[in-house]
Amino acid sequence: MGPFTEDKWVVGHGHETFPLFFSDLQAGTALGSVQPNIEVFDTEEEAKARVLEIDPTYEFELPEEEEDDLIDLIE
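Residues numbered from 1 in each chain as written. Predicted model: local features only at pLDDT ≥ 70, side-chain atom pairs only at ≥ 80, totals over all residues. Heavy atoms only, no water.

Asks: Sorry if this is basic, but what is going on with the pairing of strand β1 (residues 8-13) here?
Replies: Most of β1 is tucked away, with 6 of its 6 residues classed as buried. By the alternation rule, side chains of β1 split into Lys-8, Val-10 and Gly-12 and Trp-9, Val-11 and His-13, which are all buried. Judged from the 6 bridges that link them, β1 and strand β2 (residues 20-25) form a sheet pairing that is antiparallel. Looking across to β2, one finds that Gly-12 is bridged to Phe-21. (Buried < 20%, exposed > 50% of the residue type's maximum accessible area, 1.4 Å probe, protein only. Helix = DSSP H or I, 4+ residues; strand = E, 2+ residues; numbered from the N terminus. Pairing = 2+ DSSP bridges.)

Here you go:
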C-alpha cells in the first residue's frame, strides 16, 4: 500500500497473533502488513476513534517501564 503523497494514519486489525496495529505514515512511505484489514485515515483523531471502536481498552502510550526497555534495546 502506498507510497503515500501526504502523511496518513493507519489502523490494521484482525490478525490472530497481532490483533491491532496503529501507526502514522509519513509522505513518501509505503506499508506492508500481515493484517487482513488495513484502514487509512487523514487525521490522528479519526484513526484513534477507529482504534477505540475496535478495542476500547487500547492504550496509545507505552507504560514508562516498557518505553525505557525499548530505548535500552535501541542503544
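Asks: Explain the nonpolar core to me, please; I cannot follow it from the model alone.
Replies: Soluble globular proteins tend to pack their nonpolar side chains together in the buried interior. Formed by Trp-9, Val-11, Leu-20, Phe-22, Phe-41, Ala-47 and Val-51, the largest nonpolar core amounts to 7 residues. Only β1, β2 and α1 (44-54) provide two or more residues apiece to this core. If near-sequence neighbours (up to four positions away) are discounted, Val-51 is found in contact with Val-11, Leu-20, Phe-22, Tyr-58 and Phe-60. (Core = buried A, V, L, I, M, F, W, Y, C linked by side-chain atoms within 4.5 Å. Contact = heavy atoms within 4.5 Å.)

Asks: Would you mind showing me how to read the side chain of His-13 here?
Replies: With respect to the secondary-structure elements, His-13 resides in strand β1. Of the residues examined, His-13 reaches a relative accessible area of 13% and is grouped as buried. Once you skip the residues sitting within four places of it in the chain, His-13 turns out to touch Pro-19, Leu-20, Gln-35, Pro-36, Asn-37, Glu-39, Arg-50 and Ile-54.

Asks: Would you explain the side chain of Gln-35 in this entry?
Replies: Relative to the helices and strands, Gln-35 is located in the loop between β2 and β3 (37-41). Within the structure, Gln-35 has its side chain in polar contact with the backbone nitrogen of His-13 (distance 3.5 Å). The contacts of Gln-35, once residues within four sequence positions are left out, are Gly-12, His-13, Gly-14, His-15, Phe-18, Pro-19, Leu-20 and Phe-21. (Polar contact = N/O pair within 3.5 Å; in protein donor to acceptor, adjacent residues only side chain to side chain.)

Asks: Sorry, what's going on with the packing of aromatic side chains here?
Replies: Centre-to-centre distance and the angle between the planes together describe a pair of aromatic rings. Counted according to the given criterion, the structure contains 4 aromatic pairs. Plain terms: the ring middles of Phe-22 and Tyr-58 are 6.4 Å apart, the flat faces sit at 70 degrees to each other, and that makes the pair edge-to-face. Of this pair, Phe-22 sits in strand β2 while Tyr-58 is found in the loop between α1 and α2 (64-74), placing the two residues 36 residues apart along the sequence. Assessed through its relative accessible area of 18%, Phe-22 is described here as buried. Classification of Tyr-58 as partly exposed rests on a relative accessible area of 24%. (Phe/Tyr/Trp six-rings, centres within 6.5 Å; stacked < 30°, edge-to-face > 60°.)

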